[in-house]
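# Structure assessment
Chain by chain, the residues run as shown.
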Amino acid sequence: MQAPDVLQPVLTNLRERFGDAVRDVAGHRGEVTVELPRERLVEVCTWLRDHPSTRFRLLSDLSGTDYPDRPDRLCVDYHLYSFDHNVRLRLKVRVSVEDPHVPSVTGVWPTADWQEREVYDFFGVRFDGHPNLIRILMPEDWQGYPQRKDYPLGGVEVEYKGAHIAPPDTRRYTGGWTST
Amino acid sequence: MQVDAERLAAESAVQPGRALDLPPAPTAEQVTLPERRAREVIATGGGDWAEVTARRDAAGDDELMVLNMGPQHPSTHGVLRLVLELRAEEVVSAQPVVGYLHTGIEKNLEYRPWTAGQTFVTRMDYLAPFFNETAYCLSVERLLGIQAPPRAQAVRVLLMELNRVASHLVWLATTGLELGALSMMLYGFREREVILDLFEDVTGLRMNHNYIRIGGLSQDLPDGFEGRVRDALATLRARTEEYETLLTRNPVWLQRTRGVGALDQDRLVGLGVTGPVLRASGLAHDVRKTEPYCGYEQYEFDVPTATGSDVYARYQVRMAELRQSFRIADQVLDTLPGGPVMVEDPKVGWPARLALGPDGLGNSPAHVAHIMGESMEALIHHFKLVTEGIKVPAGEVYTAVESPRGELGYHVVSDGGNLPWRVHVRDPSFVNLQAVAPMVRGALVADVIAALSSVDPVLGGVDR
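Treat the numbers as computed from the prediction; the structure is a model and nothing was measured.

Quick notes on the rules
Residues numbered from 1 in each chain as written. Chains lettered and ligands numbered in written order. Predicted model: local features only at pLDDT ≥ 70, side-chain atom pairs only at ≥ 80, totals over all residues. Domains from an automatic or database assignment. Pairing = 2+ DSSP bridges. Helix = DSSP H or I, 4+ residues; strand = E, 2+ residues; numbered from the N terminus. Axes fitted to C-alpha atoms, helices over the stretch in contact; angles between N-to-C directions. Contact = placed C-beta atoms within 7 Å. Expected span 1.5 Å × (residues − 1). Parallel < 35°, antiparallel > 145°, perpendicular 65-115°, else oblique. Left-handed = near helix turned anticlockwise from the far one by under 90°. Nonpolar A, V, L, I, M, F, W, Y, C, P; charged D, E, K, R; others polar. pLDDT = per-residue confidence, 0-100. Buried ≥ 20, exposed ≤ 12 C-beta atoms within 10 Å, placed from the backbone. Core = buried A, V, L, I, M, F, W, Y, C linked by C-beta atoms within 7 Å.

Here we come to the domain arrangement of chain B. Domain annotation of chain B identifies domain 1 (31-97), domain 2 (105-343 + 399-463) and domain 3 (354-387). The C-alpha-based centres of domain 2 of chain B and domain 3 of chain B are spaced at 35 Å.

The following block contains the structure:
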């Protein structure tokens, strides 16, 4: 694993403290991802924010991704940044569409307010304990969660009379010729 | 005009790292109905005006007035709506409502080849197009494991710093307009035009350039460009001094900005605020210094900070940043390396160079002759790149750059195909806008304008 040296103490401490909760640690392109079960998320986040070896005071980004091939297809990524140690860490929580509940981290980082609303808006992830979980960018009476992979782009009826948006080309090329 | 000093002191006493802006999050069952009603009034998510006021009436407070500011209010910087609760002139609460400019750019990106991505992302934060393009291209380059050639990196830095100046000038111009310094508006837009002319010279467009590409740039700088930049920098330097004489000690400007919209550093960090607003609270955090990209580590510059964390401090920081940007631009011009502006790898580097021909702008005749007459391999590469685009190895990265508004981050996921699997943009305007509500609580209506403006939100970036 190609974790930066500065992150090693963080990971060591994290394993010591939450060894049972850390599902997976992966490194890619110099970035480290820690996968957690949702039950321990708030506890781990609070620790990561406050412990002197980590001090991840900034939740810089919270984003969702849909992997329809997995049973737990909805994935929420938390990108943390530590001013004190100048390192970044990604936390990952996966949930299924049938039970899309993730505890809210608004109590740990108030900035999660809008960012969780955004993920709820586009992926339908329910952040339990969020003070006001309503849509943020889509109209509030919108049906469906537009960033899920089974939600079409175009090909949907629009409100304007006689208008129809044709679906775009959806072919994906994955095999054969590669760039590396 | 002054914020309540006692309240500010009480809030500053919050221990660092504690939950800063919200009470311990209650579960849905714990929230009683009156509480939920009260919450709904302050946290409206848009909706019919009658519904908003009906909720206010249900709360049973006759003194409270709910005022809708926006989305067509000229000083809300685009289509931002603020629902203000007022008791006389005092703001009890403010709730920004966003989404009026949502165009589904992130969804659209998943349906277009990687190489078409810059065309979309450049339209998000329309005052900082080069930052969007660079951040996107850096993310994809990291996934590909490549780096743009040194000349391309230096040109990116040059364009980004000029872009930062243009963006800060628009901020200065609009804030001046909103706070009654009308001449600042005229001067700010006048000088921004100098920079947009340079951009047009390089990319052909004033905004939405699509000039920075995965692996480098779409083409090299035009002849004589460096000289024109030096001339422009000399003009801008002199004019920046003039703005200072116009505003820095101007009593009206001081009264409208000092002590307004103040928020202490811990709360700013908790709310995820970055960029000049955070630096105006004294924290010298700048992604260009902490995680240098595009060779920023080669250039000497300072990270300006201020104390006070009010609108005036944010003004001071932005003015100082203008000078730092000039300084970086000068160094780029002095050390501009030669060489190609696109990676050599024929499977990544976009092959065609543009040239002006008899039938307008198109592929250069030399390139067409090369692929049609000389090299079958070049033709195949051209064909594959244009029809399918590049394939990016599976993985995910988060890349941040320092945009004029703060940390602009791209979370990019690839499944190994020719289309992005997911691109999420952490737009600083979106995150910073959350800080407006606590900034204006207890302030006067007129200060809402000043506080909002000091955050410098660009709604194209907020709504994406």
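Residues and elements named next belong to chain A. The strand order across the open sheet formed by 5 strands is E1-E2-E5-E4-E3, and the pairing between neighbours is mixed. Both outer strands of the open sheet, strand E1 (24-28) and strand E3 (58-66), are each paired with one neighbouring strand and no more. Adjacent strand axes in the sheet meet at a mean angle of 20°, parallel and antiparallel pairs treated alike. By the bridge criterion, 8 bridges tie E3 to strand E4 (residues 74-82) in an arrangement that is antiparallel. Bridge pairing in E4 places Leu62 opposite Tyr78. In this fold helix H3 (residues 112-123) packs onto E3 and E4, with an angle of close to 5° to the strand it touches most, E3.

For helix H6 (residues 129-144) of chain B, which comprises 16 residues, the first-to-last C-alpha distance of 23 Å matches the rise-based estimate of 22 Å (1.5 Å per residue) to within 8%. One or two steps after H6(B), the chain reaches B:Gly145, where phi turns positive at roughly 75°.

Residues and elements named next belong to chain B. Remark: helix H8 (residues 182-203) packs on helix H9 (residues 225-247), axes separated minimally by 11 Å, with the N-to-C direction vectors making an angle of 170°. Viewed along their axes, H8 and H9 adopt a mutual orientation that is roughly antiparallel. As for the relative orientation of H8 and H9, their crossing is left-handed in sense. Note on element contacts: H9 touches H8 through Phe225, Arg228, Val229, Ala232, Thr235, Leu236, Arg239, Tyr243, Leu246 and Leu247, opposite Ser183, Met184, Tyr187, Glu191, Val194, Ile195, Leu198, Asp201 and Val202. Grouping the constituent residues of the contact of H8 with H9 by class yields 13 nonpolar, 2 polar and 4 charged.

Before going further, it helps to spend a moment on the pairing of strand E3 (residues 90-97) of chain B. For a regular strand, the rule is simple: side chains alternate between the two faces of the sheet. All names here are of chain B. Taken together, the 7 bridges between strand E2 (residues 81-87) and E3 define a ladder with antiparallel strand orientation. Bridge pairing in E3 links Leu86 to Val91. Hairpin connection, E2 to E3: the antiparallel pair is bridged by 2 residues, and Ala88 has positive phi, about 55°.

Residue and element names in this part refer to chain B. The share of residues in chain B with pLDDT of 70 or more is 85%, and the mean pLDDT across the chain is 83. For the stretch residues 11-44, pLDDT sits under 50, and the model shows 58 contacts to residues farther than four places along the chain or on other chains. For this predicted complex, the interface score ipTM comes out at 0.85, alongside a pTM of 0.84.

In this structure, A:Arg55 takes a positive phi of about 50° despite not being glycine. Along the polypeptide, A:Arg55 turns up in the loop between helix H2 (41-50) and E3. Phi angles above zero are rare outside glycine, and B:Cys294 is one such case at about 50°. Looking at B:Cys294, the number of C-beta atoms within 10 Å reads 24, which means it is buried.

Here the focus is the nonpolar core. Residues and elements named next belong to chain B. Ranked by internal contacts, the top residues of the largest apolar core, which has 161 residues, are Val436 and Ala451. At 15 residues, the largest contribution of residues to this core is made by helix H7 (residues 150-178). Each of two domains, domain 1 (31-97) and domain 2 (105-343 + 399-463), supplies a minimum of three residues to this core. Filtering out sequence-adjacent residues up to four positions away, Ala451 remains in contact with Val260, Gly261, Val311, Val436, Met439, Val440 and Ala443.

Quick look at the sheet that holds strand E10 (residues 422-426) of chain B now. Through backbone hydrogen bonds, the strands of a sheet pair up, either in parallel or in antiparallel fashion. All names here are of chain B. As summarised here, the arrangement of the 3 strands in space is E8-E9-E10, forming an open sheet in which the pairing is antiparallel. Each of the sheet's edge strands pairs with one partner strand only, and the pair in question is strand E8 (395-403) and E10. Within this sheet the neighbouring strands show an average axis-to-axis angle of 15°, counted without direction. Of the pairings in the sheet, the one linking strand E9 (residues 406-414) to E10 comprises 5 bridges and is antiparallel in character. Looking at the pairing, Gly409 lines up with Arg426 of E10. Strands E8 and E9 of the sheet are contacted by H6, whose axis makes an angle of about 150° with E8.

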